[in-house]
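Take a look at the letters that make up each chain.
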There are 4 protein chains.
Amino acid sequence: MVKVAVIGYGYWGPNLARNFNEADGAKLVAISDPKENRLKLAEKRYPSLNVTTNHKEIIKDSNIDAVAIATPLSMHYQIAKEALGAGKHVLVEKPLSSTSEEAQELIELSESSRKVLMVDHTFIYTGAVRKIKEIVEAGELGKVLYFDSMRVNMGLFQPDVNVIWDLAPHDISIMDYILGKKPEALLAAGSAHFRPGFENIAYLTMYYPDNLIAHVNVSWLAPVKVRLTLVGGSRKMIVYDDNEPSEKIKVYDSGVEIIEDKETLYKISVQYRTGDMYAPRLDTTEALKVEAQHFIECIKENRKPVTDGKAGLRTVRILEAAQESIRNDSKLVKL
Amino acid sequence: MVKVAVIGYGYWGPNLARNFNEADGAKLVAISDPKENRLKLAEKRYPSLNVTTNHKEIIKDSNIDAVAIATPLSMHYQIAKEALGAGKHVLVEKPLSSTSEEAQELIELSESSRKVLMVDHTFIYTGAVRKIKEIVEAGELGKVLYFDSMRVNMGLFQPDVNVIWDLAPHDISIMDYILGKKPEALLAAGSAHFRPGFENIAYLTMYYPDNLIAHVNVSWLAPVKVRLTLVGGSRKMIVYDDNEPSEKIKVYDSGVEIIEDKETLYKISVQYRTGDMYAPRLDTTEALKVEAQHFIECIKENRKPVTDGKAGLRTVRILEAAQESIRNDSKLVKL
Amino acid sequence: MVKVAVIGYGYWGPNLARNFNEADGAKLVAISDPKENRLKLAEKRYPSLNVTTNHKEIIKDSNIDAVAIATPLSMHYQIAKEALGAGKHVLVEKPLSSTSEEAQELIELSESSRKVLMVDHTFIYTGAVRKIKEIVEAGELGKVLYFDSMRVNMGLFQPDVNVIWDLAPHDISIMDYILGKKPEALLAAGSAHFRPGFENIAYLTMYYPDNLIAHVNVSWLAPVKVRLTLVGGSRKMIVYDDNEPSEKIKVYDSGVEIIEDKETLYKISVQYRTGDMYAPRLDTTEALKVEAQHFIECIKENRKPVTDGKAGLRTVRILEAAQESIRNDSKLVKL
Amino acid sequence: MVKVAVIGYGYWGPNLARNFNEADGAKLVAISDPKENRLKLAEKRYPSLNVTTNHKEIIKDSNIDAVAIATPLSMHYQIAKEALGAGKHVLVEKPLSSTSEEAQELIELSESSRKVLMVDHTFIYTGAVRKIKEIVEAGELGKVLYFDSMRVNMGLFQPDVNVIWDLAPHDISIMDYILGKKPEALLAAGSAHFRPGFENIAYLTMYYPDNLIAHVNVSWLAPVKVRLTLVGGSRKMIVYDDNEPSEKIKVYDSGVEIIEDKETLYKISVQYRTGDMYAPRLDTTEALKVEAQHFIECIKENRKPVTDGKAGLRTVRILEAAQESIRNDSKLVKL
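I will try to describe carefully the structure that is included in this document. (Residues numbered from 1 in each chain as written. Chains lettered and ligands numbered in written order. Predicted model: local features only at pLDDT ≥ 70, side-chain atom pairs only at ≥ 80, totals over all residues. Heavy atoms only, no water.)

**Concerning the relation of the copies chain C and chain B**
Right, on to step 1. Superposing chain C onto chain B takes a rotation of 180° combined with a translation of 0.0 Å along the rotation axis, leaving an RMSD of 0.0 Å. The two molecules are tied by a two-fold rotation axis, judged by turn and shift. When each C-alpha of chain C is compared by its distance to the rotation axis, C:Ser48 comes out closest, at 3.4 Å.
Right, on to step 2. Same-surface contact between copies: 100% of interface residues of chain C are shared with the interface of chain B. (Least-squares fit on C-alpha atoms with pLDDT ≥ 70 in both. Contact = heavy atoms within 4.5 Å.)

**What to know about the sheet that holds strand S1 (residues 2-7) of chain D**
Residue and element names in this part refer to chain D.
Right, on to step 1. Ordered in space as S3-S2-S1-S4-S5-S6, the six strands form an open sheet in which the pairing is parallel. Strands with a single pairing partner mark the edges of an open sheet, and in this sheet they are strand S3 (50-52) and strand S6 (117-120). Geometrically, the sheet is characterised by an average inter-axis angle of 20° between neighbouring strands, direction not taken into account.
Right, on to step 2. Where S1 and strand S2 (residues 26-32) come together, six bridges link them in parallel fashion. Within S2, the position partnered with Val4 by the bridge is Leu28. (Pairing = 2+ DSSP bridges. Helix = DSSP H or I, 4+ residues; strand = E, 2+ residues; numbered from the N terminus. Axes fitted to C-alpha atoms, helices over the stretch in contact; angles between N-to-C directions.)

**What to know about the pattern of salt bridges**
Right, on to step 1. Tallied over the entire structure, the rule returns 76 salt bridges over all chains.
Right, on to step 2. Here A:Glu247 makes a salt bridge to C:Lys250, at a shortest N to O gap of 3.8 Å. Of this pair, A:Glu247 sits in the loop between strand S12 (237-241) and strand S13 (249-252) while C:Lys250 sits in strand S13 (residues 249-252), which puts the two residues in different chains. Of the two residues examined, A:Glu247 and C:Lys250, each falls in the buried class.
Right, on to step 3. B:Arg303 serves as the salt-bridge partner of B:Glu297, at 3.9 Å between the closest nitrogen and oxygen.
Right, on to step 4. Overall, B:Arg303 belongs to the partly exposed group, its relative accessible area being 38%. (Salt bridge = Lys/Arg side-chain N within 4 Å of Asp/Glu carboxyl O. Buried < 20%, exposed > 50% of the residue type's maximum accessible area, 1.4 Å probe, protein only.)

**Some remarks on the relation of the copies chain B and chain A**
Right, on to step 1. You can overlay chain B on chain A at an RMSD of 0.0 Å; the transform is a turn of 180° with a shift of 0.0 Å along its axis.
Right, on to step 2. Interface residue correspondence from chain B to chain A reaches 100%, placing this contact among same-surface, isologous pairings.

**Considerations on the side chain of D:Asp120**
Residues and elements named next belong to chain D.
Right, on to step 1. If you trace the backbone, Asp120 turns up in strand S6.
Right, on to step 2. Buried charge without a partner: Asp120 forms no salt bridge, and the closest opposite charge is Lys94, 8.5 Å away.
Right, on to step 3. A distance of 2.6 Å separates polar atoms of two side chains, one belonging to Asp120 and the other to Trp12.
Right, on to step 4. With near-sequence residues (within four places) excluded, Asp120 lies in contact with Trp12, Leu16, Leu91, Val92, Glu93, Lys94, Leu288 and Glu291. (Lys, Arg positive; Asp, Glu negative; His and termini not counted. Polar contact = N/O pair within 3.5 Å; in protein donor to acceptor, adjacent residues only side chain to side chain.)

**A short note on the packing of helix H4 (residues 76-85) of chain A against helix H5 (residues 100-113) of chain A**
Residues and elements named next belong to chain A.
Right, on to step 1. Contact geometry of H4 with H5 gives a least axis separation of 10 Å together with a crossing angle of 10°. By the angle between their directions, the pair H4 and H5 is classed as roughly parallel. For the pair H4 and H5, contact is made by Tyr77, Ala80, Lys81 and Leu84 and by Glu102, Glu105, Leu106, Leu109, Ser110 and Ser113, respectively.
Right, on to step 2. In terms of residue class, the contact of H4 with H5 is made up of five nonpolar, two polar and three charged. (Parallel < 35°, antiparallel > 145°, perpendicular 65-115°, else oblique. Nonpolar A, V, L, I, M, F, W, Y, C, P; charged D, E, K, R; others polar.)

**Structural notes on the interface of chain B and chain A**
It is common to report an interface's size as the accessible area lost on association of the parts.
Right, on to step 1. Listed by partner, the interface residues are 49 residues for chain B and 49 residues for chain A.
Right, on to step 2. Buried area between chain B and chain A, summed over both chains or domains, comes out near 4500 Å², and the portion from carbon and sulfur atoms is 73%.
Right, on to step 3. Summed over the three residues of chain B that lose the most area to chain A, namely B:Met154, B:Pro223 and B:Tyr272, the buried surface amounts to 13% of that side.
Right, on to step 4. Applying the counting criterion to the chain B and chain A interface returns zero salt bridges.
Right, on to step 5. Our count for the chain B to chain A interface comes out at 17 residue pairs in polar contact (both at pLDDT 80 or more).
Right, on to step 6. Of all the secondary structure elements, the ones that give two or more residues to the side of chain B that touches chain A are strand S7 (144-154), strand S8 (185-191), strand S9 (201-207), strand S10 (213-219), strand S11 (221-233), strand S12 (237-241), strand S14 (255-260) and strand S15 (268-273) of chain B.
Right, on to step 7. A total of seven residues in the side of chain B that touches chain A trace back to one element, the largest contributor, which is S11(B). (Buried area = accessible area lost by both parts, 1.4 Å probe.)

**Examining the interface of chain C and chain B**
Right, on to step 1. Taken together, the ten residues of chain C in the interface contact ten residues of chain B.
Right, on to step 2. Taken over both partners, the interface formed by chain C and chain B buries close to 930 Å², and the fraction arising from carbon and sulfur atoms is 36%.
Right, on to step 3. Ranking the residues of chain C by area buried against chain B places C:Glu22, C:Lys44 and C:Arg45 at the top, with a combined share of 52%.
Right, on to step 4. Where C:Arg45 meets B:Glu22, a salt bridge forms, and the shortest distance between an N and an O atom there is 2.2 Å.
Right, on to step 5. Those elements giving two or more residues to the side of chain C that touches chain B turn out to be helix H1 (13-22) and helix H2 (36-45) of chain C.
Right, on to step 6. A per-class count over the side of chain C that touches chain B returns four nonpolar, two polar and four charged.

The following block contains the structure:
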């Protein structure tokens, strides 16, 4: 039985706690949060649990095997380092860290301590994203031409990060997972309407080899929630609408072909084709349940998680580049 | 009775012909198109009309008062120039011309000849866009913070222009009309998957004074049609979904405020507020009918149209800048 | 060239006129309507046409081969009879007539005069309904278990018929076409909120052999337009949402099976299965264009139309039975 | 602190347990279910709780103040009777009982024992239904003309009840709450495709005084989930779509008026009017949380719950009448 503690019981921590409480082979044993009122909520829900305002008590408790960190981003690195140093397995909420140096250090620490380091890129564990991965890997789309994602809603304005570090990790981790390759260059634009330096709207454009382009539109200032990702290939295209209650993934038998056409002025023309659509049935298991179980299994079987430290680093690297571009008049940053 | 001829009877020309045929005070008298099979269609529909493969016959027919030009973009300038030169009123399909110099010349020609020059920025005449304009002008949104528009679909790949010149004029003209001011700088990114130099996906970001940001996402390579425009203000926000059959405009009583909060670590925090939504009833008259009628009235009453040559020029200027940015690694172009 | 006249130029007549004006092998030659202002509209649109306030002029014009009747229901029978009597082919707006006796008489008249009698059951000519027919006929649904259709909107309140005779013909004709069999019994309920005897809301339930049930919900008093038809089979089920811009038909690989289960208290249990969904690409040709062309071809080739007089009669028979049931406390009417 | 036990830990019991575990002033102390595997799940989630396969242990435990019953319907009456007899407050899952006699007996028992008897008509505690009630009570709709509800989905086929007893209690309880009056007569139709006597599709039509009509369409055999309720008044109309993530309630400024019109043949005509729509912001608190809290408060303050035994009885009475009608060829049953 893997004994798990949750550090940080704010917005996301309760979800981690609930899922580790019910994961097979795991036992939720402790929760920490600096705020007393959050701990009271935790105690009401889990009367038999240890709660503490000081996460260091969890770090030094040798009875605890693993920690799940759901603190503000600025503390991820420090706490993860302490936990790995104390011989614990670590799951860190996204993004893994504030800098790629920190991410790199955590990866090395997890390797030297032979403990699992996993990033909570939750969407990777949804039925929808796993199905997209399956379709793309099977080559059903043909050559992948673009990835376009819009993730906007009203608030929550984060106090310590901008919208890029808050929302874009979802899109970037999905993109990383599905495309299986790294962008070569990136540019970002955006606007900070309320606090200088803290963008609440941002647009990221990424260039991959072979003319593959990716775009991410994130905002805390949209009156409605939009979660729309398009993945287009030469043969088929996917629309992933996470707002849809059940048909989240639609695969369109639509494509484009170059045609030599003697009648037209231009000799060659681009013809498009639209065909049937299908919506595959998706596994509806809660993503965090799948993820919590995967973390426990990686610990038990000494395996690398799908969203390991390196996936966390790749995401942080892109976030850093976006930050760099946006601070420099959207200049193109090579990766 | 204003006698109108339609030059170009391809995709859009039939819509112009139909609306001028029924406009009060107008009489559709001639149609030209270089393709015989298109003229046969026109004759079947309008048996009493003159049709010709040579648009010059229309230009020199002194019986014709006005022409509506729906040819490929590359011919807009030349034909409009001929028509204005022959003393005719001119309506030109969007965008007005291929360059801002051409647009400027057409404006001057229309002024010297005292004829109406109007651009077919069709969306400006929809009930939806007119309602948005009304709401924004009334100050209901508070300070306008952003304009974000997504206009994607599968094809039609145009042979002589890229997706920026084909689709973005819609968004740029709506933006120009609603915001009533000019952007100071622009950057664009995109990808040409099929023909070098002919982008089929593009992203435009525009910066206005006072921290107002605008973004336009256009694509010919999306498996579904998306027509989604968000206009966000400090007090209220609008969602304009042109795919909705009746509730195209939704006004959200959502906003953001800065709060000094002693409890938080950061002293000030940004709070958001979500409230009721309303969907105003919209005039459902076909936009092109309103537009055709407006053209006729401007001719009769010697008035400037809402979408006059200057509106056409402002749109062309932004398209040019987008083109310039995209050819130079998305560099920021001052306007 | 079949010469066609349209009798009745109110709401629906202009659509018939437009389509016959453009149908191959047809020539629109005359329009009649008792209202002068409607004729003015017709003249503006078709300057070369004969227009008249007296439909009898059309009937006696031996130059006219066929008429399309789009008058109020109460005049369908009389005018169709006159037209068939004068040796013309006849297309009648739905429903064919006010009574089944009238429908029967028109069928006989068309047979004795060897002229085409066709009913304008427009939906039968949509890509959507034709595709459903194809799927059902191919046996893809397994045994058809139910047909459930909701067709509600605000107004138009008809002056001479209730909502059953106005809206339900659509659902009943679709049902008749798709299921290819006749109901054995029917019951109807409803409410007349504004004029006694003129129901503005009605519910029809029909029983077919083999436990197939059909239900139709029609209303003039719904604030939104709903066009939702479900066709459920033992193996697959169809959702037909006519409000959807492109994916009108969705086929669900969902079904139900009886399972003998020793663990349950009840020995047998009903298990359901949900699988993938697909949306076949549909022909998007305007239904009325397909229909007008079909009418012309039936005339030329001396064929029975898909929606012939008998289809019209079957629909009228059900409408009559619904009327009878609703006038008798919803009693079950055998058919 | 009110000590609560949950009897029945199948599909719905876990939701009751979770909410009582977190309700203010309540303490979840015990759970019973005849199935060992269900109890194991309960223990994993609530390690400090008493669990038992025998609900009688809960009944006789004098330490327990209240029970929430989530067993199959056939056991509601017996267990509720035992619990009230043992001096406990009782919350019963909908519907309250299998017969109106049983419901009546439970009401009397709760009155004589002075204990709270509440029915779990969950929807009454949603922000959406409470808002509709508020709008209707304020007279915003004018005279209420109809209530039309569609609640269909695939499965779950219940082993001991038909679809009327399973799904229709939701619509009937909402109707009862919103309209605040009783129907005078009812008729029902339906079909039992898999087990004779166990309808899986059913249609209920209810007549109220003053020409108000209500209709409920329930099915376990629909490939998609539809939750659509229309409430129409003479001045405004409500669309309640429970599938919508946030805008569940839309209020349309649409209505109908009778107009004396000299031009028309019929002297009077019915005109309709469509205006703006608004979607009020709704309280998004989980309904069951509101309900659990209400139960606890009613116990503490000795109050009648909103969904008391009488509301439960009114619902059961309608279900019984529907059953009677459907067994007798849909005859009209007076209530």
